[in-house]
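Results of the structural survey
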Amino acid sequence: MRPSVAPGYADILGQSRVCQQLWAAVSADHLHHCYLFEGPQGVGKATVALRLAMAANCEGDAPVAPCGTCGPCRLIAEGRHPDVIEVGPDPAKASEMISVEQVREIIRVFGLHRHSARRRLVILDPMDLVGGSATNALLKTLEEPPAGSGFILITSRLRSLLPTVVSRALRIRFRAVPAEDLIPWLRSKGIQDAERMARLSFGSPGLALTMSESRAEELALSRTDLLRALSGDPKALFDYADALAAPPRSAFEPRVERMLESLEILLRDAVNQASGREDKLIEPEVADLTLRWSRVLWPGGVVRVESALAEARNRLRLNVNARLVVEALLACLVAELGPAAYGGGR
Ligand SMILES: [Zn+2]
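Residues numbered from 1 in each chain as written. Predicted model: local features only at pLDDT ≥ 70, side-chain atom pairs only at ≥ 80, totals over all residues. Heavy atoms only, no water.

**As for the coordination of the zinc ion**
Put simply, the rule is: Here the term donor refers to an N, O or S atom within 2.8 Å of the metal (or 3.2 Å for Na, K and Ca), and because water is left out of the atoms, sites may appear incomplete. Each label reflects the angles at the metal, where four donors whose angles all fall between 85 and 135 degrees are tetrahedral, four or six donors whose opposite pairs open beyond 155 degrees and whose other angles stay between 65 and 115 are square planar or octahedral respectively, and the rest are irregular. Using a 1.4 Å probe on the protein chains alone, a residue whose accessible area is under 20% of its type maximum counts as buried, one over 50% counts as exposed, and one in between counts as partly exposed.
Donor atoms from the polypeptide that coordinate the zinc ion comprise C58 (SG), C67 (SG), C70 (SG) and C73 (SG), at 2.3 to 2.4 Å from the metal. Metal-centred angles of 100 to 118° between the four donor atoms at the zinc ion mark the site as tetrahedral. Within one chain, the residues serving as donors to the zinc ion are arranged as C-x8-C-x2-C-x2-C. We classify C70 as buried; its relative accessible area is 12%.

Right, dumping it as structure tokens:
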């Protein structure tokens, strides 16, 4: 998503602390050679990265950089600046990883003179899709890029980065946007049911914007299907896994992702219940169910199901047979929840 080009960073919701820190580094000419932007999806990491590249190269005279209108600012906002390079998953590969070839290209470009920018920046988004050998090829350049060049690494999965990467970078933490900021902002964008969207998006403006009313309905339907599959009949469970993971990949990916999101929401609500935060429930309409889940799962079971969920996401990204991944996750849920999964139990 391209940022709207406005001076400074006043239009970036909920990240003023991070922005102040970064902009102070720009004005003191003390940018770190390798930033690691980490935090939940859709809270503005990529927007801030581009805006930082603009601020570092702005030629305007606005009181707060970036001005948003000078040549470099506009080129960067349009993704056409030769010295601000955004690298995502390799379109030439099926595996959705950032490939060794892409990393070699970055290293090659860093060996060349800069075109024009005061600051040449490579934005790797998401860094967690840079595989092991590609990371190893990159390490030396991450540590000592040529003068005037640097990196911004972006991730919402800090734990999947190699420690050798994290230790070379200056970590900048992005946090979820508090509901009291997000709700009025969503209303100002004409979003219906802003409170519910803010809850369902876990404080992520990007997610809330893409989460239309129909998507919220899809999540509810997906939850109903999931709970039915957990109802104790093994055949129902296998049929569900079959239907969910039926090829092609383009069709099952969104179905499986929605199931994972529904499960994530139920888990978060179980945690909210366990810690007495009923007012923070994401889906109050299934409060009875999540209360039962919390009694059975809290605390160890939550951790185990959460790690099974993370494992499922990782394996799906690595193209492991989706049906096997879904079955393994469901088996973990059934084992942890027992009859409480769908309504029985304690
Ligand atoms: Zn400018």
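**Focus: the sheet that holds strand β1 (residues 34-38)**
Applied cut-off: Each pair of strands is called paired provided DSSP finds at least two bridges between the two strands. Only runs of H or I of at least four residues qualify as helices and only runs of E of at least two qualify as strands under DSSP, and these elements are numbered from the N terminus. To obtain an axis, a line is fitted to C-alpha atoms, over the contacting stretch when the element is a helix, and the angle between two such axes runs from 0 to 180 degrees between their N-to-C directions. We call two residues contacting when some pair of their heavy atoms lies within 4.5 Å.
Taken in spatial order, the five strands make up an open sheet running β2-β3-β4-β1-β5, and their pairing is parallel. Looking at the sheet topology across the chains shown, the edges are occupied by β2 (84-87) and β5 (170-173). Along the sheet, successive strands turn relative to each other by an average axial angle of 20°, direction set aside. Running at roughly 145° to β5, helix α1 (residues 16-27) makes contact with β1 and β5 of the sheet.

**Description of the side chain of T155**
Quick reminder of the rule: We call two N or O atoms a polar contact when they sit within 3.5 Å, provided that within protein one can donate a hydrogen and the other can accept it, with sequence-adjacent residues counted only if both atoms are side-chain atoms.
Mapped onto the fold, T155 is located in strand β4 (residues 149-155). Taking the relative accessible area as the measure of exposure, T155 reaches 1% and is therefore buried. Within the local environment of T155, its side chain forms a polar contact with the backbone nitrogen of R157, the two atoms lying 2.9 Å apart. Not counting residues up to four positions away in its chain, the partners in contact with T155 are L36, F37, E38, G39, K45, D128 and L161.

**Some points on the pattern of salt bridges**
Once their charged atoms are close, side chains differing in charge can pair, the charge on each being opposite to the other. We count it as follows: Salt bridges are identified by distance alone: a Lys or Arg side-chain nitrogen within 4 Å of an Asp or Glu carboxyl oxygen.
Using the criterion set out here, one finds 21 salt bridges in the structure. Two residues, D242 and R323, come together in a salt bridge whose shortest N-O distance is 3.0 Å. Residue D242 is found in helix α11 (residues 234-244), and its partner R323 is found in helix α15 (residues 322-337); the two are separated by 81 residues along the sequence. Looking at D242, the relative accessible area reads 38%, which means it is partly exposed. According to the relative accessible area criterion, R323 is partly exposed, its value standing at 32%. When the shortest N-O distance is used, the salt bridge between E336 and R304 registers 2.6 Å. Taken together, the residues E336 in helix α15 and R304 in helix α14 (residues 300-317) connect sequence positions 32 residues apart. Residue classification places R304 among the partly exposed residues on the basis of a relative accessible area of 46%.

**Focus: the nonpolar core**
The condition that has to hold: Nine residue types can take part in a nonpolar core, namely buried Ala, Val, Leu, Ile, Met, Phe, Trp, Tyr and Cys, and a core is a set of them joined through side-chain atoms within 4.5 Å.
Grouped together as the largest cluster of nonpolar side chains are 37 residues, with contacts concentrated most on L226, L230, M259, W293, L330 and L333. Contributing elements (two or more residues each) for this core: α10 (213-229), α11, α12 (249-274), α13 (287-297), α14 and α15. Broken down by element, the residue count for this core peaks at nine residues, all from α12. Excluding its chain neighbours within four sequence positions, the residues that come into contact with L330 are L226, L230, L237, Y240 and A241.

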